Amino acid sequence: MMMALRHALTWLPPSFPIAAAIAAIVLAVFINTLATPRRADPREPPLLKPTIPFIGHIIGLIRHQADYHRILQRKSKQPIVTLPMLTGKLYAIFDPSLISAGLKNKHLSTKPQVRAAVAPLIKASKGTVDLMMSEQGDVLQDRMMLHAIPTSFSGQLQQTFIEAALQEATTPPVYGKHQDPFSQDPSLLQSFWDYNESIMALMMDILPSFIAKKGHLGRIRLAQALTPYYSSQAEQHPAASALVRLRAQEMRNAGLPVEDIAKIETLLPLAAMTNTVPTLFWFFSHVFTRPAIAEQLRKEVEDNLLTRDGPKAKLAVSSAVLEEKTPFLWSCYRETLRLTVHQIATRTAMQDTTITSPKTGQTYFLAKGSVVQMSIGASHFLPEYWGEKYLDFKPDRFLGLTKEEERAFKVAHQPFGGGLHLCPGRHFALAEMMAVMTTLLVGFEVGGLDGEGEWREPERGTASIVDAATRPKDYGAGFGAKVRRREGWEDVVWEYKF
Ligand code: HEM
């Protein structure tokens, strides 16, 4: 297990300064910030001036990335602010109820960001790029996003699952077990992470084969591996998920050539794995570095989710079952998401619009063409909701809540976003993480590397502006686990009911 976690995390992008600098430039270009005039309307959110005029907020974003919003929230104590940058501005929303309003606002769109990413990232043919950049492309995007992963599917993972848990839990159910390109060629996973590592540099599209060679080659290999998958219509196989099938169907209907479908769908494993890997890492470390908590969870899972029949063990891990039957495990999961997800949901105002705080009734004006960033991560760390020790993992935080507390927490806890772009992979992410965690709890003994010694969690890494979930510092270097099968559970085949 340690191997799997360490490997997966080693493949993740490093947060070195060049990447951060590129991120800032991409940020500026990508989000059009500089093109929008500074504060022009008194109804706009209050101006938060940077310490260094013109460039202070840009430096802040380069340095702290998504955490910069948390810093600004603590400094300003405002629900929403206008951040001046060079000649332009950006609106930043920190208050959970205003974020909810923003996520539901039809005039705040992701399309300009997606359009800006299409040509440099996907490298599809001119016809496809033109289509994706047009209104027809916007409609296609919407239709593809509609095809959420079904809430139920079944999977079986054999005994070797521990080492390859992170990838094995993801790609076979998405692509179909027997046609899964990642299972057919295990080296593809490295290409995928190389690509993932270079996303920001590739979006710059300046000499990608030189500046981001590994990522560029990874992107090519990934597209090459997916091309036969789509040209043989493997996504039509009943074992493939509705997600791949329906998305491909939309693109086929729009007349896209199969090579371009493969190129566009190189983005799918990014969405499917980039955030689940660190979230599972933290779920694992929060639980297993606290043996008393792990023991309590083991009992809860054994009593409520497990059916054992000789060598067959079945675990029921759908969200409805977990929420009702294993409230403590459910609470640990929600608490992990709160601490891990720092997502900045970015939108462009397609026309002049307003958002109103359901809490205070205050209305704010957002000018056409301006960029709006909603910090889900800032609401996850607000002391007024989570107390002064908001950085602590509090396993029972979501237990025994009154209706009022539950309502308040639901507004401030939005790890999968909300409104128009609510994460369609949330049930899938839950299922794969819970499959791994419940199996480890029941069938394995998990401990630190030095046996009796203290087993400390790694520190948090930089909250990258392009990801939703925070990775451990240095990919968790120095953190490891000893995992061995529990007596009486050596030859078990695990099955899951999602
Ligand atoms: C722990 C894991 C995950 C987290 C924390 C997460 C988080 C999020 C968040 C916060 C958003 C909303 C972004 C916004 O409003 O701008 C989002 C959107 C999205 N997620 Fe996830 N996600 C996870 C796993 C997955 C998985 C496994 C998949 C696919 C298999 C997926 C596919 C997507 C897609 C396609 C969108 C865009 C939806 C749209 O724009 O309408 N995610 N995710």
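What you see is a predicted model; the values in this text were computed from it and never measured. (Residues numbered from 1 in each chain as written. Predicted model: local features only at pLDDT ≥ 70, side-chain atom pairs only at ≥ 80, totals over all residues. Heavy atoms only, no water.)

Overview of the overall build of the protein chain
Assigned secondary structure in the protein chain consists of 26 helices and 13 strands. When burial is assessed residue by residue, the protein chain has 55% of its 498 residues classed as buried. In the protein chain, the proportion of contacts linking residues at least 24 apart, taken out of those at least 6 apart, comes to 77%. Counting only carbon and sulfur atoms, one obtains 57% of the accessible surface of the protein chain, whose full area is about 21700 Å². (Helix = DSSP H or I, 4+ residues; strand = E, 2+ residues; numbered from the N terminus. Buried < 20%, exposed > 50% of the residue type's maximum accessible area, 1.4 Å probe, protein only. Contact = heavy atoms within 4.5 Å. Areas by Shrake-Rupley, 256 points an atom, 1.4 Å probe, with all protein chains shown as cover.)

Remarks on the sheet that holds strand S3 (residues 108-109)
Taken together, the 5 strands give an open sheet; going across it, the order is S1-S2-S10-S7-S3, and neighbouring strands pair in mixed fashion. Where the open sheet ends on each side, the last strands, each with one partner, are strand S1 (80-85) and S3. Pairing of strand S2 (residues 88-93) with strand S10 (residues 371-375), which is carried by 4 bridges, proceeds in the parallel orientation. Residue pairing for S10: leucine 90 is matched across the bridge by valine 371. Each of S3 and strand S7 (344-349) touches helix H6 (residues 111-122); the most contacted strand, S7, lies at about 100° to it. (Pairing = 2+ DSSP bridges. Axes fitted to C-alpha atoms, helices over the stretch in contact; angles between N-to-C directions.)

Describing the coordination of the iron atom of the ligand
Within the protein, just one atom coordinates the iron atom of the ligand: Cys423 (SG), at a distance of 2.3 Å. Within the element layout of this structure, cysteine 423 appears in the loop between helix H25 (403-412) and helix H26 (426-443). (Donors = N, O, S within 2.8 Å, 3.2 Å for Na, K, Ca; no water.)

As for the pattern of salt bridges
Tallying each qualifying case throughout the model produces 24 salt bridges. With a shortest N-O distance of 2.6 Å, aspartate 67 and arginine 70 are connected by a salt bridge. Highlighted residues: aspartate 67 and arginine 70, both in helix H4 (residues 67-76), separated by 3 residues, approximately one helical turn. Arginine 70 sits in the buried class, given a relative accessible area of 4%. Residue glutamate 235 is joined to arginine 252 by a salt bridge in which the shortest nitrogen-to-oxygen separation is 2.9 Å. (Salt bridge = Lys/Arg side-chain N within 4 Å of Asp/Glu carboxyl O.)

Here we look at the pairing of strand S11 (residues 444-447)
The side-chain alternation of S11 yields one buried face, formed by Phe444 and Val446, and one unburied face, formed by Glu445 and Gly447. In the sheet, S11 pairs with strand S12 (residues 482-485) via 4 bridges, with the strands oriented antiparallel. The residue bridging glutamate 445 from the neighbouring strand is arginine 484, located in S12.

Quick look at the packing of helix H20 (residues 291-304) against helix H22 (residues 327-340)
Two elements in contact, H20 and H22, have axes whose closest approach is 8 Å; the angle formed by their N-to-C orientations is 130°. Judged on the interaxial angle alone, H22 and H20 are oblique. Touching Ile293, Gln296, Leu297, Glu300 and Val301 of H20 are Pro327, Phe328, Leu329 and Cys332, all from H22. Taken together, the residues of the contact of H20 with H22 break down into 7 nonpolar, 1 polar and 1 charged. (Parallel < 35°, antiparallel > 145°, perpendicular 65-115°, else oblique. Nonpolar A, V, L, I, M, F, W, Y, C, P; charged D, E, K, R; others polar.)

With respect to the packing of aromatic side chains
Summed over the entire model, instances satisfying the criterion amount to 18 aromatic pairs. Through successive ring pairs, a cluster of aromatic residues spans Tyr175, Phe182, Phe192, Trp193, Tyr229 and Tyr230. Lying across the ring of phenylalanine 381, arginine 70 places its NZ or CZ 3.7 Å from the centre. Residue placement shows arginine 308 over the ring face of tryptophan 489; its charged tip is 4.4 Å from the ring centre. (Phe/Tyr/Trp six-rings, centres within 6.5 Å; stacked < 30°, edge-to-face > 60°. Lys NZ or Arg CZ within 6 Å of the ring centre and 35° of its normal.)

Comments concerning the confidence of the model for the protein chain
Per-residue confidence for the protein chain gives a mean pLDDT of 85, with 87% of residues at or over 70. Least confident of the elements in the protein chain is helix H1 (residues 2-10), whose mean pLDDT is 34; most confident is H22, at 98. Under a pLDDT of 50 for its full length, residues 1-25 has, in the predicted model, 59 contacts with residues more than four places off or in other chains. Low confidence marks residues 148-164, where pLDDT is under 50. Its contacts with residues over four positions away, or in another chain, come to 42 contacts. (pLDDT = per-residue confidence, 0-100.)

Observations regarding the pairing of strand S5 (residues 306-309)
Two strands pair when backbone bridges link them, and S5 and strand S6 (residues 312-316) are joined in this way by 4 bridges, in the antiparallel orientation. Following the sheet pairing, aspartate 309 is matched in S6 by lysine 312. Hairpin geometry of S5 and S6 is characterised by an intervening segment of 2 residues between the two adjacent antiparallel strands and by a positive phi of about 60° at glycine 310.

A few points about helix H12 (residues 188-197)
A large share of H12 lies buried, amounting to 8 of its 10 residues. Turning to H12, its buried residues number three or more, namely Leu188, Leu189, Ser191, Phe192, Trp193, Asp194, Tyr195 and Asn196.

Remarks on the side chain of arginine 334
Assignment of secondary structure puts arginine 334 in helix H22. Discounting chain neighbours no more than four positions away, the residues touching arginine 334 are Phe398, Glu406, Lys410 and His413.

Describing the environment of glycine 480
Structurally, glycine 480 is set in the loop between S11 and S12. For the pair glycine 480 and glutamate 457, spaced 23 residues apart in sequence, the C-alpha separation works out to 9.5 Å.

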